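# Geometric and topological summary
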Amino acid sequence: MFVEPVMPGQRSGWIEVICGPMFSGKTEELIRRVRRAQIAGQRVLICKPKRDTRYSESEVVSHDRKAVESIAVEDAREILKHSEPVQVVAIDEVQFFDYEIVEVCRHLALKGKRVIVAGLDMDYRARPFGPVPYLLAVAEYITKLHAICKHCGALATHSYRLTDEREDIVLGAEERYEPRCRICFHMGNILDFGKREEQ
Ligand code: ZN
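This section reports on the structure supplied with the text. These numbers come from a predicted model, not from an experiment. (Residues numbered from 1 in each chain as written. Predicted model: local features only at pLDDT ≥ 70, side-chain atom pairs only at ≥ 80, totals over all residues. Heavy atoms only, no water.)

## What to know about the environment of P128
The topology assignment puts P128 in the loop between β7 (114–120) and α4 (132–138). Overall, P128 belongs to the exposed group, its relative accessible area being 57%. Counting along the chain gives 33 residues from P128 to Q95, while the straight-line C-alpha distance between them is 9.5 Å. Non-local contacts of P128, meaning those with residues more than four positions away in its chain, are made with D121, M122 and P133. (Helix = DSSP H or I, 4+ residues; strand = E, 2+ residues; numbered from the N terminus. Buried < 20%, exposed > 50% of the residue type's maximum accessible area, 1.4 Å probe, protein only. Contact = heavy atoms within 4.5 Å.)

Structure below.
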């Protein structure tokens, strides 16, 4: 479990990434870190992209319905506008931002803020998702979470799309996706959607 760094001479300002497939508890972990920072008396800004409207416009809500107050932003730059008075900036569903989010996170960390981002590391085709691989490269701390494979019970690292929709981004939860291990993910793509392998 991630423990906030307390080192003699520790400078403030760093980037933490929480990544993994769907249903691996990324948002729960983000909320846990936010709550601990709040208990410690720190001011926290929580953001998510406007397009993620699955549950609520003004709250970050995990699949188990835990919620914290958040703001929905149009793009990465808008986060800078709101971040001035806070010590901690938490960003959920970070895979939906464009590459500018990487520079925004670096800028915030340089200004002494703790930046916590959570998002999918791979898309439904198991390709690195948007800006997340770049965030992993520049982060001080990385937490990779696993779900449980719905087929065999092994650790799940992949988000398997149950429908044959081909768009890169299709919002949804249990009705559209399930967590799978590497083997069950690839077997599913071959058996259910032979065409997916062709690309
Ligand atoms: Zn499996």
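Structure shown, so let's carry the discussion forward.
## So, helix α5 (residues 182–192)
Taken as a whole, α5 has its buried residues at C184, F185, G188 and N189. Looking down the long axis of α5, one finds its buried residues gathered within 135° of arc, a one-sided arrangement. Seen from the open side of α5, the exposed residues pointing more than 90 degrees away from its buried face are R182, I183 and L191. On its buried face, α5 is in contact with β11 (158–161) and β12 (177–180). (Arc of directions from axis to C-beta.)

## Re the nonpolar core
Formed by 24 residues in total, the largest nonpolar core has its most connected members in I79, I91 and I101. Going through the elements one at a time, β1 (14–20), β2 (44–49), α2 (76–83), β6 (88–91), α3 (100–110), β7 and α4 are the ones with two or more residues in this core. A per-element tally of this core places α3 first, with six residues. In this structure, I101 is in contact with A76, I79, I91, V94, P131 and L135, ignoring residues within four places of it in sequence. Ranked by size, the runner-up nonpolar core spans 14 residues in total, among them L30, I31, V88 and A90. (Core = buried A, V, L, I, M, F, W, Y, C linked by side-chain atoms within 4.5 Å.)

## Comments concerning the coordination of the zinc ion
Six octahedral donors around a metal ideally make angles of 90 or 180 degrees; four tetrahedral donors ideally make 109.5 degrees. Every protein donor of the zinc ion is listed here as C149 (SG), C152 (SG), C181 (SG) and C184 (SG), and their distances to the metal cover 2.3 to 2.4 Å. Its four donor atoms give the zinc ion angles of 101 to 119° at the centre, a pattern that matches the tetrahedral case. Counting residues between consecutive donors of the zinc ion along the chain gives the motif C-x2-C-x28-C-x2-C. Placement of C152 in the loop between β9 (147–148) and β10 (155–156) and of C184 in helix α5 is noted, with a sequence separation of 32 residues between them. (Donors = N, O, S within 2.8 Å, 3.2 Å for Na, K, Ca; no water. Tetrahedral: all angles 85-135°; square planar, octahedral: opposite > 155°, others 65-115°.)

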